[in-house]
Structures are given as structure tokens and as C-alpha cells.
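Results of the structural survey
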Amino acid sequence: MTVRIYVPCDAAALALGAERVAKAIAEQIAARGLDAKIVRNGSRGMHWLEPLVEVEVSGKRIGYGPVKVKDVVSLFDAGLATGGGHPLCLGEVAELPFLKRQTRLTFARCGITDPLSLDDYEAHGGLAGLRRAVSMLPTDVVKEVTDSGLRGRGGAGFPTGIKWKTVLDAPGERKYIVCNADEGDSGTFADRMIMEGDPFVLIEGMAIAGLATGATKGFIYTRSEYPHAIAAMSRAIDIARSAGILGTSVLGSGKTFDMEVRTGAGAYVCGEETALLNSLEGKRGIVRAKPPLPAHKGLFDCPTVINNVISLASVPVIMDKGAAYYRDFGLGRSRGTIPIQIAGNVKHSGLFETAFGISLGELIDDIAGGTASGRPVKAVQVGGPLGAYFPRALFDTPFDYESFAAKDGLIGHAGIVVFDESADMLKQARFAMEFCAVESCGKCTPCRIGSTRGVETADKIARGIEPEKNRELLADLCNTMKFGSLCALGGFTPYPVMSAMTHFPEDFVPTPLIEAAE
Amino acid sequence: MNIHVAKGDIATRTIAIIDQLKHLEGPLLPILHEIQDEFGYVPQEALPVIANELNLSRAEVHGVVSFYHDYRDHPAGRHVLKLCRAEACQSMGGDALAERVKVLLGVDWHGTTPDGAITLEPVFCLGLCSCSPSAMMDGEVHGRVDAADLEALISEARR
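Just so you know, these numbers come straight off a predicted model, no measurement behind them. (Residues numbered from 1 in each chain as written. Chains lettered and ligands numbered in written order. Predicted model: local features only at pLDDT ≥ 70, side-chain atom pairs only at ≥ 80, totals over all residues.)

Examining the overall build of chain B
Assigned secondary structure in chain B consists of seven helices and four strands. Sequence-ordered secondary structure for chain B, helices as α and strands as β, is α-α-α-α-β-α-α-β-β-β-α. Referenced to the eigenvectors of the C-alpha coordinate spread, the extents of chain B come out at roughly 50 × 30 × 25 Å. (Helix = DSSP H or I, 4+ residues; strand = E, 2+ residues; numbered from the N terminus.)

What follows is the structure, encoded as C-alpha cells:
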């Protein structure tokens, strides 16, 4: 029987040399005349072990990693094809604690299957959700999603089912499903991993959304910084269309749904839903005032569902296993699972999908194993560049929407960036303002002007110019931006700034040494 | 990437691209991406052609082109090196690394080396935050890079 050797094609694995490793493995297979083939899977999400090579031996997947090109010959000498022992051998991958502790619903197949094999997809439970949705009334599909408690995984946390209901009830000849895959937050890569590692689940989720709301056309708006995701998604859409999953009769239902991938052009603000819609229409990515809501007047003024990748990719499992199954995970008003992305200065970086409610401290100290540098953790930024910096004192915060909001933070797209003690929080606060200034769409004054004044004020504090007065000014400016900005870019930039100032006041006091050096 | 194009040629090739893509809903961004792929930048001469073909004003087209960071108004070097400047990469020494690269290339952000080999661009997140600091050279991704890795990439590109 042909041995299957898995080498990931996820961008993180590629960035760490997976392509060269795959080539070296192919050479060894040929040179040794082995009956083996290479499968390019997605990533398991254990990025400190990438490239993670796996081999299937009597139904189990044995892992080796991180594999470098120079290791390949010795791996084959040790009997890689039969799961032989080697210093890089990790044993059975599914038994590794990092994976075993997870609850993988949305990422159930990611890293296991060949992302572009529909057979693999179906063999691992794919399309069951869409098949069920096809046999149901749109209102019942919407009800199922509402009952699951699924909330927007992009960060806003708006109930997905209610959004769908609004679009279903909105009158209109033409409706759209728009997938927000403009994943620009630092520390986040879940959308990228799904698009590269299990693209059919997103297609299935969007098709279900289409059937549920009467929308016939979908767009995935993603980033030009994600060439591998664009390629995988585009090929998967072609395959799905050939297989009758997309097109004029979705799975033979007689209902139309088709979709295409669109690429952004390097503007962070297009991750804001109304700016994204403008960008899709071919305009500048300027934020629109709400109302009207996109659900009433969205893309080309038509009723539009706009959901994050992870929200849509969570729908198939909900439709397959039922609302109650999904809702039983999590706590309070945060139901289901959340794929947490652990990044930055951390030992075990990667993707960890779990039910809501795990504490921040458990994630950082236990699951992630502390910092990569070995120095103490100083701060963690949760939720991207617009998320708050949390000190160790807040590590008992449970990971859910409400608990983070209660501590003046947000979970956002569930990215965590860890900083060790070398971080300068005044510098991080200044960066937040600088980033906002670079990426502001310019429509509203608090964001456009406030961010620039914020950079200047942070610089004055650093130089020791009237530090007390300027700290007050910075706080006042944050207040204006928070309540006066049109969207989350200007409105949430105060989170990193204020949290840095509140939790790390010592970094906002200029040292006399710097003053003397000026 | 052909950076020496005659003006008439730009208009002809621009129209050919527009003809291919104007059936799309909201075709402007796809058209601009294709034009930048074709010429290596979005030439000024292409703007009135696009405006005319899509029934937009020149100001509208200019507004869109100048809004997005990706579109260049002049050709880049033969290779484009993008370094991530975002928080996850900062946490792993990205700022210091960027300063090293700037010195090595003798250019600031958006600058091109005098030999025309490399343009240095900042990027805010490549989605490789779990293997910071990260970089992208001509669309190829590199994770956990250090100064030696980047020096090797740069000298490779200069050959």
C-alpha cells in the first residue's frame, strides 16, 4: 500500500521551509524507490513544530518536526516511511497535549486533510451541513444558527443568526453574502489557516448563508498579503463549482449560489465592514455611516450578510450537528468555540481552538509555555492593534466577549501577542497611534487628526516635555477618539493606548537619562 | 516586469485588461491589480483610459489609486522586500531588524537601492505572527528571520 507522507502547504509552514523539505522528501522517495506519496495538508496549528512532517502508519499519524532539509536523509535512514524512531519524532500527532486539549469544531479538518480534495473533505464530515440546509426552509436554517448562539468572530460579536434574519426579511431581488477575510490584525491568522487548510468549509458556510437568506452571490474579500490563501480559495471554488456545490443548482436543490474571491490592496481599514463594501464596489475604502445597516443596504445597496471567515466556517458544523451541540460549549453569552491565535514572543505559538472561558493565564503560561526568549511576560495584547495590553494582574480574565469588555479590553479576532519584559509600553502606545494615522480612511476628524496628535503627544512624553500635562492630554484625546470616531479604527485605538498607560504607568515617566541625552 | 513602455502601448494594453475584466461587479480594483501586474506600477497614462472605459471621472480613479497602499505610481526595484512592522514581529525584535536592513540597503521605507535591485516596503502583518519576525520577498514568505537570513536573501536578489 502506498504510504502517505504529509508536508503542510500552509504559509507559516512554507515560511519555515516546507517547500524545500517537500522537495527533499520527494527526492528521497524516488532515490529509494519507495511506494510513497506526498500529501500537502494544511497546518495543525503547532507552528513551533513547523514544518511538521507526518506519516500515516496503520491508521495513525506519526509526526516529525520541526524538519529541516538537512534532516530529511537521516529521517529516511531511520525509517520515516514506517514511523521509525528519530530525535525529531513526536509520536502520534493527535496525542500531543497541545492538540489533545483542544476542542476542534471549526478547525476539525485543518491540517488533517488535503485542502483541495473534496473526497477528503466529505470523508471527514464535510457537506453534511449543507445537505441538511438544502432540505430545510430558510427560516429554519436561520433559526438553527440563531439558536446555536454563534456571534461574529471578527470581533464585534453580533449574533450571526439575527444578522441573517434581517437579510432574509429584507425585500430585494438581489442579495449578497460577503465574507470578511481582510484579516489585518497583527497576531491573527485563523482566517488565513482556514482558507489555506480547509477552504471548502468556508465555501460550504457561505452556501448555507446564501440558502438561508436568499442571496445568490458571494464574495470573499481577502488581503493581497495572503497570496497562498487567494490561490487555495480560488482553486477550491473552481472545484466546488465543477462538483455542483456552487452554481445554478446547489447540490441539486435548484437554488443558485456562486461566489468569487476579491483581493484588497493593502488598506487595513477595509477590514471594517462598510469600508470593505465600498472597496468591493471599486471605491476608496471609506467607512459608511450606519444606518443604513449593510443587512438592509449593503453591497451595491442590496441586502447583504457580511460575516467574518470564522463565523461562516463555523456554520457547517452547527448545521451538521445541531444548534444545541454547538451551544453546549462556552459560557454566558459566549457560546461555542473560539480559535485562539497565540503569537509573538511565545514558546508554543499557533492556533488553539477551545470553548470560551479558558483563562488568559492558562493560555499564556500553560498552553503557550511562556515566552520564547525565556524572560518574564510583561504584557499581552489581545485582539489585534486595536486591542488592550493586559498585564499579568489580569491573567485570570476568562476568554470571552463580556469578561474582556469588563476589563476594558476586547477579544477581537482572538489573536494574542505576547511581549516579554523588554517591551516599552510608551513605544507600543505611540505605535498604536501611528498605525491609526497611517491607516485612517480620513472620513472622520477624531481618527484622522486625533491619531497624528496622539503620536506627537506620545513623543512629547518620551522627551520629558511637560509629561504630566501631556499624559492628561493623551487620555483626553483617547476619550474624544473613542466616542467621536465613526468606526472601530479610531474608536478602538484608545484601547491599546489607555491600557498601556493605565497598567504600565512606569513606562510613561521619562527617565532623567533620556532627558539628559537630548 | 517591463518598466520601459511607450505611452501608446500603455493605453492599448490598459484597454485590453479592462475589456477582460469590466464584466465583473465592481471591476475597478481587479483592473488596477492587473495593471500593476502588467506594468509593475499604475502609470498615470492609464488613469484617463480607465476613467473613460468605466464611465468614471479621472478624479474618482485617482482617488482610488492613491487611497490604497499597494498601488505604486512609479516602478519598484527588480525585487520587493516587505518587512512586517506589526506588533507580533515587534515582540520578537522586528524593529531592530528593520533598522539593520535599512542600513544594509542604504534606503528608508519605500526606497529603492541605487542599483535598482531592491525596494523596501513596510507591511502591517503577513499573518505569520506565530513565526515572527516575518518577511516577504517577491511574494515568497519567510518566517523567524534574523539579520543573517535577510542578508542572504538580499545578496541572492542582487545577483
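Topic: the interface of chain B and chain A
Listed per partner, the contact involves 34 residues of chain B and 44 residues of chain A. Sorting the residues of the side of chain B that touches chain A by element identifies helix H2 (28-39), helix H4 (58-67), helix H5 (87-90) and strand S4 (140-142) of chain B as the ones contributing at least two each. For the side of chain B that touches chain A, the residue count by class is 18 nonpolar, twelve polar and four charged. (Contact = placed C-beta atoms within 7 Å. Nonpolar A, V, L, I, M, F, W, Y, C, P; charged D, E, K, R; others polar.)

Points about the domain arrangement of chain A
All names here are of chain A. Domain assignment breaks chain A into domain 1 (3-100), domain 2 (118-327), domain 3 (330-420) and domain 4 (425-517). The C-alpha centroid of domain 3 is placed 26 Å from the C-alpha centroid of domain 2. Counting residues at the interface gives 20 residues for domain 2 and 18 residues for domain 3. Here the side of domain 2 that touches domain 3 is composed, by residue class, of six nonpolar, nine polar and five charged. (Domains from an automatic or database assignment.)

Thoughts on the pairing of strand S12 (residues 337-344) of chain A
On any regular strand, side chains alternate: one points to one face of the sheet, the next to the other face. Residues and elements named next belong to chain A. Of all the eight residues making up S12, eight are buried; the element is thus mostly covered by neighbouring parts of the structure. Here six bridges tie S12 to strand S13 (residues 350-355), and the two strands are oriented antiparallel to one another. Residue Gln341 lies in a different strand from S13, and its bridge partner there is Leu351. Between the antiparallel neighbours S12 and S13 lie five residues. (Buried ≥ 20, exposed ≤ 12 C-beta atoms within 10 Å, placed from the backbone. Pairing = 2+ DSSP bridges.)

Section: the environment of Pro339(A)
All names here are of chain A. Tracing the backbone through its elements, the reader meets Pro339 in strand S12. Residues Pro339 and Ala414 lie 75 residues apart in sequence; the distance between their C-alpha atoms is 6.9 Å. Excluding residues within four positions of it along the chain, Pro339 makes contact with Thr106, Phe107, Ala190, Ile310, Leu351, Glu353 and Ala414.

Some remarks on the sheet that holds strand S15 (residues 389-390) of chain A
Residue and element names in this part refer to chain A. Spatially, five strands are ordered S13-S12-S16-S14-S15 in an open sheet, and the strand pairing comes out mixed. What marks the edges here is a single partner per strand, and that holds for S13 and S15. With two bridges connecting them, strand S14 (residues 377-382) and S15 associate as antiparallel partners. Paired with Val380 across the bridge in S15 is Phe390.

Some words on the environment of Gly197(A)
One can find Gly197(A) in helix H9 (residues 190-197). In contact with Gly197(A), not counting residues within four places along its chain, are Asp10(A), Gly42(A), Ser43(A), Cys110(A), Gly111(A) and Pro115(A).

Observations concerning the domain arrangement of chain B
Here the domain parsing of chain B yields domain 1 (7-67) and domain 2 (79-158). Between domain 1 of chain B and domain 2 of chain B, the C-alpha centre-to-centre distance is 30 Å.

Concerning the sheet that holds strand S6 (residues 176-181) of chain A
Residues and elements named next belong to chain A. With parallel pairing, four strands are arranged side by side in an open sheet as S8-S7-S6-S9. Looking along the sheet, the strands with just one partner apiece sit at the ends: strand S8 (258-263) and strand S9 (304-308). The mean angle between the axes of side-by-side strands here comes to 20 degrees, regardless of whether they run parallel or antiparallel. Inspection of the sheet shows strand S7 (residues 217-222) paired to S8 by six bridges, in the parallel sense. Paired with Gly218 across the bridge in S8 is Met259. Helix H11 (residues 227-242) rests against S7 and S8 of the sheet, and its axis sits at about 165 degrees to S8. (Axes fitted to C-alpha atoms, helices over the stretch in contact; angles between N-to-C directions.)

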